[in-house]
Amino acid sequence: MELFLDTVFIILGFVLLIKGADFMVSGASSFAKKFNVSEIAIGLTIVAMGTSAPELVVNLVSSSQGLDDVVFGNLIGSNIFNLFLILGIAGAIRPLIVQSETVWKEIPFSMGLVIVLFILVNDTFFLGGDRNSSGIIDGIILLLLFVTFIFYVFYNVKHNNHTLDLPDETPIHSHWVTLLMILGGLTGLVIGGKLVVDNAVDIARSFDLSEKLIGLTIIAAGTSLPELATSAVAAYRNRADIAIGNVIGSNIFNLTFILGINSIVKPLNFNTQMNFDFYVLIGGSILLFIFMFTLKSKKLDRWEAILFLAIFIAYISYIFIRK
């Protein structure tokens, strides 16, 4: 009976995620056209932060309970899910055209950030520390990188470095309707994500899975569902900028703001077994950058997206074998 209820709540969570994503994309598109702000800027900020809300909530709760493996597993796993699974699905639905600013600045920034974090948490190897962790100093560095990124996005908005590319038929709603659509979509995403995660973890624990594996898979997948739903809907609606911006912005938000806050509130011990997962994330970021110059420039083609999906399946298969 308990397993049946967990399954029902997971299905309900998926419904809320899909509808929440639909409202979020519609509200964000309306906001972009109303205020003449590019969709990539909206995707990198409002949508990315909104869809990363589940990671923030889950990680604060996990760190307060001393579940450091869950915190790192969730963040690294979520970014791997975002990069390989979400861009893979979105690109398979419709090839994603990427703006020049994103290719030359935002993708490299995201890639460099992963390398910086890899160095910060491997203290004993790179910095000569006595343990591998993310402490207060690391948290401050990450938050400064987050502030730098936000200033960069708003600088681009102010100087129109990102082009506004919205179809004429994009509906423009009133201020209140637009706000309610974004907030309503965010609420659906958060509640749906929590329902999926909580009940999926209950099922996983009944099969005696480790914290690290739960963080890298079940929780990472659950907290990435808002990004998946939002980017898939955005790709289907031909909103490539929101799909791409959501993934890149969410990955940056996860590793700077969320881990930065977590590290300041309570220093976290890092399990070096997760370095392999860092390698996968770094390799995927490099591969995404390379894909911007194959076949049609500045575009994630369908075959490249399918390759991302194949790599993701291989990665998930490996970590279940590795445990």
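Above: the structure in question.
Below is a short write-up of the structure. (Residues numbered from 1 in each chain as written. Predicted model: local features only at pLDDT ≥ 70, side-chain atom pairs only at ≥ 80, totals over all residues. Heavy atoms only, no water.)

### Structural notes on the overall build of the chain
Part 1 of the argument: When helices and strands are tallied, the chain shows 12 helices and 4 strands.
Part 2 of the argument: Each of the 323 residues in the chain was classed as buried or not, and the buried ones make up 55%.
Part 3 of the argument: Within the chain, counting contacts between residues at least 6 apart in sequence, those at least 24 apart form 83% of the total.
Part 4 of the argument: For the chain, the computed accessible surface area is about 13,800 Å², with 70% contributed by carbon and sulfur atoms. (Helix = DSSP H or I, 4+ residues; strand = E, 2+ residues; numbered from the N terminus. Buried < 20%, exposed > 50% of the residue type's maximum accessible area, 1.4 Å probe, protein only. Contact = heavy atoms within 4.5 Å. Areas by Shrake-Rupley, 256 points an atom, 1.4 Å probe, with all protein chains shown as cover.)

### Considerations on the nonpolar core
Part 1 of the argument: Within the largest apolar cluster, 73 residues are counted, with the highest numbers of intra-cluster contacts made by Leu 87, Leu 96, Phe 278, Leu 288, Met 292 and Leu 300.
Part 2 of the argument: Here this core takes 12 residues from helix 4 (residues 68-93), the largest share from any one element.
Part 3 of the argument: Core analysis: the second largest hydrophobic core is formed by 8 residues, Leu 67, Val 201, Ala 204 and Ile 214 among them. (Core = buried A, V, L, I, M, F, W, Y, C linked by side-chain atoms within 4.5 Å.)

### As for the packing of helix 4 against helix 10 (residues 240-265)
Part 1 of the argument: Relative to each other, helix 4 and helix 10 sit at 175°, their axes nearing to 10 Å. Classed by the angle they form, the pair helix 4 and helix 10 counts as roughly antiparallel. In contact with Val 71, Phe 72, Leu 75, Ser 78, Asn 79, Asn 82, Leu 83, Ile 86 and Leu 87 of helix 4, helix 10 contributes Ala 243, Ile 244, Val 247, Ser 250, Asn 251, Asn 254, Leu 255, Ile 258, Leu 259 and Asn 262.
Part 2 of the argument: For the contact of helix 4 with helix 10, the residue count by class is 12 nonpolar, 7 polar and no charged. (Axes fitted to C-alpha atoms, helices over the stretch in contact; angles between N-to-C directions. Parallel < 35°, antiparallel > 145°, perpendicular 65-115°, else oblique. Nonpolar A, V, L, I, M, F, W, Y, C, P; charged D, E, K, R; others polar.)

### Brief notes about the environment of Lys 299
Part 1 of the argument: Structurally, Lys 299 is set in strand 4 (residues 299-300).
Part 2 of the argument: Overall, the relative accessible area of 16% leaves Lys 299 in the buried class.
Part 3 of the argument: Once the C-alpha coordinates of Lys 299 and Leu 96 are considered, the two residues, 203 residues apart in sequence, prove to be 5.5 Å apart.
Part 4 of the argument: Apart from residues no more than four positions distant in its own chain, Lys 299 is found in contact with Pro 95, Leu 96, Ile 97, Val 98, Phe 291, Met 292 and Glu 304.

### Observations regarding the packing of aromatic side chains
Part 1 of the argument: Throughout the structure, instances matching the rule amount to 15 aromatic pairs.
Part 2 of the argument: Ring geometry for Phe 81 against Phe 312: centres 4.8 Å apart, planes inclined by 80°, an arrangement best described as edge-to-face. Of this pair, Phe 81 sits in helix 4 while Phe 312 is found in helix 12 (residues 302-322), placing the two residues 231 residues apart along the sequence. As far as the burial class goes, Phe 81 and Phe 312 line up, both buried.
Part 3 of the argument: Three or more aromatic residues joined by ring pairs make a cluster, and in this case those are Phe 72, Phe 118, Phe 270, Phe 278 and Tyr 279. (Phe/Tyr/Trp six-rings, centres within 6.5 Å; stacked < 30°, edge-to-face > 60°.)

### Focus on helix 8 (residues 175-206)
Part 1 of the argument: Along its 32 residues, helix 8 runs 47 Å from first to last C-alpha, staying within 8% of the 46 Å computed at 1.5 Å per residue.
Part 2 of the argument: Of the residues one or two after helix 8, Asp 208 is the one with positive phi, at around 60°. (Expected span 1.5 Å × (residues − 1).)

### Remarks on helix 11 (residues 275-291)
Part 1 of the argument: Here helix 11 is 17 residues long and its end C-alpha atoms lie 24 Å apart, about the 24 Å a rise of 1.5 Å per residue gives.
Part 2 of the argument: When helix 11 is considered as a whole, its buried residues turn out to be Asn 275, Asp 277, Phe 278, Val 280, Leu 281, Ile 282, Gly 284, Ser 285, Leu 288 and Phe 291.

### Quick notes on a nonpolar patch on the surface
Part 1 of the argument: A contiguous nonpolar patch, built from Met 1, Phe 4, Leu 5, Val 8, Phe 9, Ile 11, Leu 12 and Val 15 and spanning about 780 Å² of accessible area, is present on the exposed surface.
Part 2 of the argument: Secondary-structure assignment places Leu 12 in helix 1 (residues 2-34). (Patch = residues over 30% accessible without salt bridge, like charges linked within 9 Å, V, L, I, M, F, W, Y side chains within 5 Å. Salt bridge = Lys/Arg side-chain N within 4 Å of Asp/Glu carboxyl O.)

### Focus on the pattern of salt bridges
Part 1 of the argument: This structure, assessed with the given rule, holds 1 salt bridge.
Part 2 of the argument: One salt bridge connects Asp 68 with Lys 266, and the closest N-O pair in it is separated by 3.9 Å. Of this pair, Asp 68 sits in helix 4 while Lys 266 is found in the loop between helix 10 and strand 3 (268-269), placing the two residues 198 residues apart along the sequence.

### Looking at the environment of Ala 235
Part 1 of the argument: Position of Ala 235 relative to the elements: it lies in helix 9 (residues 211-236).
Part 2 of the argument: A sequence separation of 142 residues divides Ala 235 from Ile 93, and the C-alpha atoms of the two residues are 6.6 Å apart.

### Looking at the packing of helix 4 against helix 12
Part 1 of the argument: Running from N to C, helix 4 and helix 12 point in directions that differ by 145°, and their axes come no closer than 7 Å. With respect to the hand of their crossing, helix 4 and helix 12 are arranged in left-handed fashion. The residues of helix 12 that touch helix 4, namely those facing Ile 80, Phe 81, Leu 83, Phe 84, Leu 85, Leu 87, Gly 88, Ile 89, Gly 91, Ala 92 and Ile 93, are Arg 302, Ala 305, Phe 308, Leu 309, Ile 311, Phe 312, Tyr 315 and Ile 316.
Part 2 of the argument: For the contact of helix 4 with helix 12, the per-class residue count stands at 16 nonpolar, 2 polar and 1 charged. (Left-handed = near helix turned anticlockwise from the far one by under 90°.)

Note that all results are geometric; they support no functional claim without further evidence.
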